[in-house]
Every structure is written in structure tokens, then in C-alpha cells.
Amino acid sequence: MSSPTPEANVSTTGGVRGTSVEADLGWALGVVFRRYAKQSAAALEEVPGGPRGYQVLATAIAEGPKRQLDLATQLEIDRTVMTYLLDDLEKAELVQRQPDPADRRARLIVATPKGAELLCDLERRLRATENEVMGGLDDGERMVFRMLLQRVAQQANAVDPVANACTLAEHGELPTQ
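Residues numbered from 1 in each chain as written. Predicted model: local features only at pLDDT ≥ 70, side-chain atom pairs only at ≥ 80, totals over all residues. Heavy atoms only, no water.

Caption draft 1: How the structure looks around helix H6 (residues 139-159). Across its 21 residues, H6 extends 30 Å between first and last C-alpha, which sits within 8% of the 30 Å expected from 1.5 Å per residue. Two to three positions downstream of the cap, the backbone nitrogen of Gly140 sits 3.0 Å from a side-chain oxygen, assigning the N-cap of H6 to Asp138. (Helix = DSSP H or I, 4+ residues; strand = E, 2+ residues; numbered from the N terminus. Expected span 1.5 Å × (residues − 1). Polar contact = N/O pair within 3.5 Å; in protein donor to acceptor, adjacent residues only side chain to side chain.)

Caption draft 2: Region of the structure containing the packing of helix H1 (residues 25-43) against helix H5 (residues 113-133). Look at H1 against H5: their axes get within 9 Å of each other, and the N-to-C directions meet at 155°. Classed by the angle they form, the pair H1 and H5 counts as roughly antiparallel. In this structure, H1 meets H5 at a crossing whose hand is right-handed. Between H1, through Val32, Arg35, Tyr36, Gln39, Ser40 and Ala43, and H5, the contact on the second element is made entirely by Leu122, Arg125, Leu126, Thr129, Glu132 and Val133. (Axes fitted to C-alpha atoms, helices over the stretch in contact; angles between N-to-C directions. Parallel < 35°, antiparallel > 145°, perpendicular 65-115°, else oblique. Left-handed = near helix turned anticlockwise from the far one by under 90°. Contact = heavy atoms within 4.5 Å.)

Caption draft 3: View of the sheet that holds strand S3 (residues 103-111). Within the open sheet, the 3 strands sit side by side as S1-S3-S2. Their pairing is antiparallel. The strands lining the two open edges of the sheet, one partner per strand, are strand S1 (66-67) and strand S2 (95-100). Inspection of the sheet shows S2 paired to S3 by 6 bridges, in the antiparallel sense. The residue of S3 that forms the bridge with Pro99 is Arg107. Taken strand by strand, helix H4 (residues 79-91) contacts S2 and S3, and its axis lies near 115° from that of S2. (Pairing = 2+ DSSP bridges.)

Printed below as a string of C-alpha cells:
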């Protein structure tokens, strides 16, 4: 026997009737986040550093070469962790450290052609993940869902700002249901 839809448990005055877990916002957010997190982790498993490695690669390609320290600051990655992460990305031939012409003591992080090729594949995989997670919605519903979710997220972020979603995940502040 299936549970009624969450909409069936909402009264016309906006109150919730009964205790259906499906009507709980936290439950719904947790389930969707958990599915997306599992699928995206699988999509990024071959990247050194997983999601962090992906962020470094995507930023280096989208924004061009950046100093190692600036990149660590932007992505909120500890300098020591960034050094090890870049070592692994460089060993995989996805990025290179090049001297900064403006300051030879600093290093610029530059994506390699192999890194750019991998990023294209990763973005394809992440789109497939998103399609799988939102498979129950048609294109119009997905667009409305994204728009509403972004509006709610922006409002929530204005009240309690976070610069980087990975920071939340690392500190256990996201639902784990």
C-alpha cells in the first residue's frame, strides 16, 4: 500500500494533516540531496580529490590560470590540503604549476588539455546524474523547480551565508537521511 502524496496531506489553509513523512520538507530535501550526493560522488570518483579536484579543475578552466594561494582561498581549501590535492592532479596530468610571470616565487595553476577533456566528460556525467535525480519531472517542471529552489536557496543564504556548499557537507550540516 503506498502513502498518499504529500499534497494530499496539506489542508486548504496550509496546515498539514496527519504525520506523513513525505510531507516533511526536511525529509524531502534530505532524500534528494542524498541521492544527488551519491550519484555525483560516483561520477567524480576517478578525479583525484573527488569533488574538490573537480572544483579546482573547473575553476582553472573557467577562470584561467590562478595563483595556488588565490585558488585555495577562493575554494576555501586549506593551503596544505591544496598542495597535496594539486600534487595529485599534477601527477594525473590534469593541471600544471607554472611560474607566475608577475612573481616568480608564486605558481599559477593551469589546466592541461587532458584536464579540459576530463572536465567535459565530468560535466556530461553530472548532467546525467541530475537527469537521473530529477527523472520524474518533465523539462518545464525541472525549470520551475530550479527557479524556485534557487530563489529559496538565495533567501536562505542571505540569512545564513555560506560561500561553498562543500563546507556544509564537510561539517555535517547537511541532512544525512
